[in-house]
Each structure stands twice: as C-alpha cells, then as structure tokens.
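Results of the structural survey
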Amino acid sequence: MREMRSKMPIELRMLLSSLVLLPFLHSAALAADIERGQRLFKVCAPCHAIDSDTNKAGPHLKGVFGRPAGGVAGFRYSKAMSEAGNAGLVWDDKALAEFLSSPKTKVPNTSMRFWGMWFQSEIDDLIAYLKVNP
Ligand code: HEC
C-alpha cells in the first residue's frame, strides 16, 4: 500500500485528499452559518418564538419554512398577511429573503415592525437557522 501511494503522482494524491476532506469542510461551513443565524435571530426573538409554538407579538416561527403566510392558527395576523397567504404566498427561500430584506415591500401593510436586514449573507444565515428548527 505504502509502495503504491508513493508512486502516485502528487497531483493525484492532492486530488484524493481534497475529495476526502471536502464533505467535512462543507459541513463545517454550514454549521458556522447556522450558528451565525442563531445569533442574528436575537433581533427577532423579542417578537418570535422559534423552539415552541407560543405566539408573542409575532407568530411563532417553529417550522415556518414551507408554511403558508398567515398560517399559524390562533394568531391575529394583519389583513395584509392573511390575504398574502390566501393568495398563495409560502415561506420558501425566496419569499423569506424578500420579506426579511424589506417586510413592507414584500407584504405592504404588514404589522411586522421591522426595518429589514441589509446583508444578503445575514439573510442566508438566518434562513439556514429557521430551516433547522422544523
Ligand atoms: C417588533 C416585533 C417583530 C420583530 C422584531 C420581528 N417580527 Fe416577524 N412578525 C411580527 C409580526 C407582528 C408579524 C405578523 C405580521 C402580519 O400579520 O402582518 C410577523 C410575521 C413574520 C413572518 C411571517 C410569519 C407567518 O406565519 O406568516 C416571518 C417569516 C417573520 N415575521 C420573520 C421574522 C424574522 C426572521 C425576524 C428577525 C429578523 C422578525 N420577524 C422580526 C413581529 C416582529
């Protein structure tokens, strides 16, 4: 085995070792994103529960990914949000990214008082965090 490996061209050995490492690097990067998303969620937490189905000033966000807008039974949504949900708005990657960058643009007259996030990377990490809390 040792013999064989040492006869391999260096390029091939480097390629093989990077193939072995790739999945680990990838999951490390994902974990970092989710951790950052969790930190960023602090700005949402006063109004939104993520790990229980308790509603605060805003509806709980447990399992929000893939949920229709206005979908938490018993929460008093604005007319705008209920109508957006009835019209087919579902919280997927694109819809969440648009809403979080500017709630008022995505759902005019929403009762969510939040100015929106500036950076796409923050939005991506936050969505990654929402996804791991089904
Ligand atoms: C000041 C309180 C407040 C803050 C801060 C806030 N929200 Fe909200 N959020 C609300 C309210 C109220 C609603 C309901 C809006 C409506 O009915 O129009 C809402 C609705 C939502 C919805 C739609 C949920 C559904 O069931 O349709 C999502 C998604 C959401 N917020 C995500 C977030 C995220 C992520 C953050 C942090 C970046 C955040 N919100 C910050 C109050 C807040």
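In the block above lies the structure referred to throughout.
Here the structure is a predicted model, which means the values were calculated and not measured.

**Side note on the overall build of the chain**
Secondary structure summary: the chain contains six helices and zero strands in total. Written out in order from the N terminus, the α and β elements of the chain read α-α-α-α-α-α. Considering the chain as a whole, with its 134 residues, one finds that 18% of them fall into the buried category. Contacts in the chain between residues far apart in sequence, at least 24 positions, make up 45% of those at least 6 positions apart.

**What about the nonpolar core?**
Ranked by size, the top nonpolar core spans 17 residues in total, and within it Met 81, Leu 96, Leu 100, Leu 126, Ile 127 and Leu 130 carry the most contacts. Contributing elements (two or more residues each) for this core: helix 3 (79-86), helix 4 (93-101) and helix 6 (120-131). If you tally residues by element for this core, the top one is helix 6, at six residues. Discounting chain neighbours no more than four positions away, the residues touching Ile 127 are Asp 93, Leu 96 and Ala 97.

**Some points on the site of the ligand**
Around the ligand there are 28 residues in total, and Cys 44, Cys 47, Gly 58, Ser 78 and Met 81 lie nearest to it. Of all the secondary-structure elements, those providing two or more residues to the shell around the ligand are helix 3 and helix 4. For the shell around the ligand, the leading source of residues is helix 4, giving three residues.

**Describing the environment of Phe 99**
Looking at the element boundaries, Phe 99 is found in helix 4. We classify Phe 99 as buried; it has 23 C-beta atoms within 10 Å. Considered as a pair, Phe 99 and Ile 123 are 24 residues apart in the sequence and their alpha carbons are 9.8 Å apart. Ignoring anything within four residues of it in the chain, the contact list for Phe 99 reads Lys 106 and Val 107.

**Remarks on helix 6**
In this model helix 6 runs 16 Å from its N-terminal to its C-terminal C-alpha over twelve residues, within 8% of the 16 Å that 1.5 Å per residue would give. All of the buried residues along helix 6 are Ile 123, Asp 125, Leu 126, Ile 127, Ala 128, Tyr 129 and Leu 130.

**Some words on the environment of Ser 111**
The residue Ser 111 is located in the loop between helix 5 (103-106) and helix 6 in this model. Residue Ser 111 is classed as partly exposed on the basis of its C-beta count, with 14 C-beta atoms lying within 10 Å.

**Side note on the packing of helix 4 against helix 6**
With their axes 10 Å apart at the nearest point, helix 4 and helix 6 run at an angle of 125° to one another. By the angle class used here, helix 4 and helix 6 are oblique. Of the two elements, helix 4 crosses helix 6, and the hand of that crossing is right-handed. Contacts between helix 4 and helix 6 pair Asp 93, Leu 96, Ala 97, Leu 100 and Ser 101 from the former with Ile 123, Leu 126 and Ile 127 from the latter. Tallied by class, residues from the contact of helix 4 with helix 6 come to six nonpolar, one polar and one charged.

**Details of the environment of Lys 106**
Turning to its location among the elements, Lys 106 is positioned in helix 5. Here Lys 106 falls in the partly exposed class, since 19 other C-beta atoms lie within 10 Å of it. For Lys 106, the residues in contact, after removing those within four places along its chain, are Glu 98 and Phe 99.

Each value, and the rule that gives it
- Every chain begins its residue count from 1, and numbering advances along the sequence as written.
- Local features are withheld for residues below a pLDDT of 70 in this predicted model, meaning they are given only at 70 or higher, and side-chain atom pairs are given and counted only at 80 or more; totals for whole chains, interfaces and linings count all residues.
- Helix and strand definitions here come from DSSP, where helices need a minimum of 4 consecutive H or I residues and strands a minimum of 2 consecutive E residues; each element is numbered from the N-terminal end.
- Counts of 20 or more other C-beta atoms within 10 Å of a residue's own C-beta define buried residues, counts of 12 or fewer define exposed ones, and intermediate counts define partly exposed ones; C-beta atoms are placed from the backbone.
- Throughout, a residue-residue contact means that the two C-beta atoms, derived from backbone geometry, are no farther apart than 7 Å.
- Under the definition applied here, buried Ala, Val, Leu, Ile, Met, Phe, Trp, Tyr and Cys residues are grouped into a nonpolar core through C-beta atoms within 7 Å.
- Nearness here has a simple definition: the residue's C-beta atom, placed using the backbone, must lie within 6 Å of the molecule or strand.
- In this analysis, the expected span of each helix is defined as 1.5 Å times one less than the number of residues it contains.
- Axis definition: a line fitted to C-alpha atoms, over the contacting stretch in the case of helices. Angles run 0 to 180 degrees between N-to-C directions.
- What sets the label is the angle itself: under 35 degrees gives roughly parallel, over 145 gives roughly antiparallel, 65 to 115 gives roughly perpendicular, and the rest give oblique.
- With the far helix as reference, a near helix turned anticlockwise by less than a right angle produces a left-handed crossing, and one turned clockwise produces a right-handed crossing.
- Residue polarity is assigned by list, with Asp, Glu, Lys and Arg as charged and Ala, Val, Leu, Ile, Met, Phe, Trp, Tyr, Cys and Pro as nonpolar; anything else, Gly included, falls into the polar class.

It is worth stressing that arrangement in space is one thing and function is another; only the former is reported here.
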